[in-house]
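Here is how the chains run, residue by residue.
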Amino acid sequence: ILNVEQSPQSLHVQEGDSTNFTCSFPSSNFYALHWYRWETAKSPEALFVMTLNGDEKKKGRISATLNTKEGYSYLYIKGSQPEDSATYLCAFEGSDSWGKLQFGAGTQVVVTP
Amino acid sequence: SQTIHQWPATLVQPVGSPLSLECTVEGTSNPNLYWYRQAAGRGLQLLFYSVGIGQISSEVPQNLSASRPQDRQFILSSKKLLLSDSGFYLCAWTRGTGNNSPLHFGNGTRLTVT
């Protein structure tokens, strides 16, 4: 069983503030690192699929960076809004297990007005 | 466009009863299909994975089984449910391996075994 760890487990953010949180994963047999947003009463939605060391992806106010050599990825939310409230999941996809994602437990983000 | 349907949305079943959850995908062919479960306070755990009709990979030993009778249909079953089978079950699909395809999830089934 691979260790995919996310921290913190939860965080509260004031509207307008920026925040970030971490996903750590095995640095060996890396193929891809996925980020998903899971809003209450909805299904998880893909944000990014990252494959290259040093890669940085952006979608609106959300961005992510990737360090495959040390095994971590950061997700950033700039100028948080209440609609950003969700659980953010990362998932590791290994080169020896294509298509079989190992998920972290998630970071729950609550943005208060 | 592609859509994924999963049902039922909620289910309450007594211990020892059978289970059948169904998932279908529309708008794509030969998808990879998955069953994930989220137990209380834990992350998503991969249960089953299928790359084609009749091809099922079981990721963890358990009381559940999966079948893929048609290209875009994935079924999760149990002959006798245990209390520990309670959880939130998600079906998902991708276009295939090796192409950085993200998972597309259904809306999930909340299963409570009493």
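Everything discussed here concerns the structure shown above.
Everything in this summary refers to the structure shown in the same document. For clarity, every value in this text was computed on a predicted model and none was experimentally measured.

Let's shift gears to the nonpolar core. Membership of the largest hydrophobic core comes to 23 residues, with the highest contact counts inside it found for Phe21(A), Leu33(A), Trp35(A), Phe48(A), Leu75(A) and Tyr88(A). Sorting the residues of this core by element identifies β2 (10-14), β3 (19-24), β4 (30-38), β5 (45-50), β7 (62-67), β8 (72-77), β9 (86-94) and β11 (107-112) of chain A as the ones contributing at least two each. A total of 4 residues in this core trace back to one element, the largest contributor, which is β9(A). What Tyr88(A) contacts, discounting residues up to four positions off in sequence, is Gln6(A), Phe21(A), Trp35(A), Tyr36(A), Arg37(A), Leu47(A), Ile62(A), Leu75(A), Ile77(A), Gly106(A), Thr107(A) and Val109(A). With 21 residues, the next largest nonpolar core counts Leu33(B), Leu64(B), Tyr89(B) and Val113(B) among its residues.

What follows covers the environment of Gln6(B). Residues and elements named next belong to chain B. With respect to the helices, strands and loops of the structure, Gln-6 is situated in strand β1 (residues 3-7). Distance in space between the C-alpha atoms of Gln-6 and Thr-24 is 6.6 Å, their sequence separation being 18 residues. Aside from chain neighbours lying at most four places away, what touches Gln-6 is Glu-22, Cys-23, Trp-35, Tyr-89, Leu-90, Cys-91, Gly-106, Asn-107, Gly-108 and Thr-109. In this structure the side chain of Gln-6 is engaged in a polar contact, spanning 2.7 Å, whose partner is the backbone oxygen of Tyr-89. A polar contact is formed between the side chain of Gln-6 and the side chain of Thr-109, at a distance of 3.4 Å.

Let us look at unusual backbone geometry. For the bond from Ser7(A) to Pro8(A), the omega torsion is -5°, close enough to zero to count as cis. The residue Pro8(A) is located in the loop between β1 (5-7) and β2 in this model. With an omega of 0°, the peptide bond between Trp7(B) and Pro8(B) qualifies as cis. Of note in this structure, Ala41(A) is not a glycine but carries a positive phi near 70°.

Right, let's talk about the sheet that holds strand β3 (residues 19-26) of chain B for a bit. Residues and elements named next belong to chain B. The strand order across the open sheet formed by 4 strands is β1-β3-β8-β7, and the pairing between neighbours is antiparallel. Edge positions in the sheet fall to β1 and β7 (65-70), since each of these pairs with one other strand and no more. The sheet shows a mean angle of 20° between the axes of neighbouring strands, direction not considered. Pairing of β1 with β3 involves 5 bridges; the strand directions are antiparallel. Bridge pairing in β3 places His-5 opposite Thr-24.

The next thing to look at is the interface of chain B and chain A. If you look at the interface, chain B gives 21 residues, while chain A gives 17 residues. Both faces combined, the contact of chain B with chain A buries some 1600 Å², and carbon together with sulfur accounts for 62% of it. When residues of chain B are sorted by the area they lose upon contact with chain A, Leu44(B), Asn100(B) and Phe105(B) head the list and together hold 31% of the total. At the junction of chain B with chain A, the criterion picks out 1 salt bridge. The shortest N-O distance in the salt bridge between Lys100(A) and Glu59(B) comes to 3.2 Å.

Another aspect to go through is the sheet that holds β3(A). All names here are of chain A. Read across the sheet, 5 strands follow the order β1-β3-β8-β7-β6 without closing on themselves; strand pairing throughout is antiparallel. Across the chains shown, the open sheet's two edge strands, defined by having one partner strand only, are β1 and β6 (56-59). Averaged over all pairs of adjacent strands, the angle between strand axes in this sheet comes to 15°, irrespective of strand direction. Pairing analysis gives 6 bridges linking β3 to β8, with the strands arranged antiparallel. Note that in β8 the partner of Ser-24 across the bridge is Tyr-72.

Reading the values: the criteria
- All chains use their own residue numbering, which begins from 1 and follows the written sequence.
- Labels follow written order: the first chain is A, the first ligand is 1, and so on.
- Whole-chain, interface and lining totals are the exception, using all residues; otherwise, since this is a predicted model, local features are given only for residues with pLDDT of at least 70 and side-chain atom pairs are given and counted only at 80 or more.
- Each side-chain value is worked out from all heavy atoms of the structure, with water and hydrogens disregarded.
- We call a set of buried Ala, Val, Leu, Ile, Met, Phe, Trp, Tyr and Cys residues a nonpolar core when their side-chain atoms join them within 4.5 Å.
- Residue exposure (1.4 Å probe, protein chains only): buried if accessible area is under 20% of the type maximum, exposed if over 50%, otherwise partly exposed.
- A run of DSSP states H or I qualifies as a helix once it reaches four residues; a run of E qualifies as a strand once it reaches two. Both are numbered from the N-terminal end.
- Residues are treated as being in contact if the distance between any of their heavy atoms lies within 4.5 Å.
- For this analysis, a polar contact is any N or O atom pair within 3.5 Å, provided that within protein one partner can donate a hydrogen and the other can accept it, and provided that sequence-adjacent residues contribute only side-chain to side-chain pairs.
- Paired strands are those between which DSSP finds at least two bridges.
- Axis definition: a line fitted to C-alpha atoms, over the contacting stretch in the case of helices. Angles run 0 to 180 degrees between N-to-C directions.
- Two parts lose some accessible area (1.4 Å probe) when they are put together, and adding that loss for both gives the buried area.
- Salt bridges are identified by distance alone: a Lys or Arg side-chain nitrogen within 4 Å of an Asp or Glu carboxyl oxygen.

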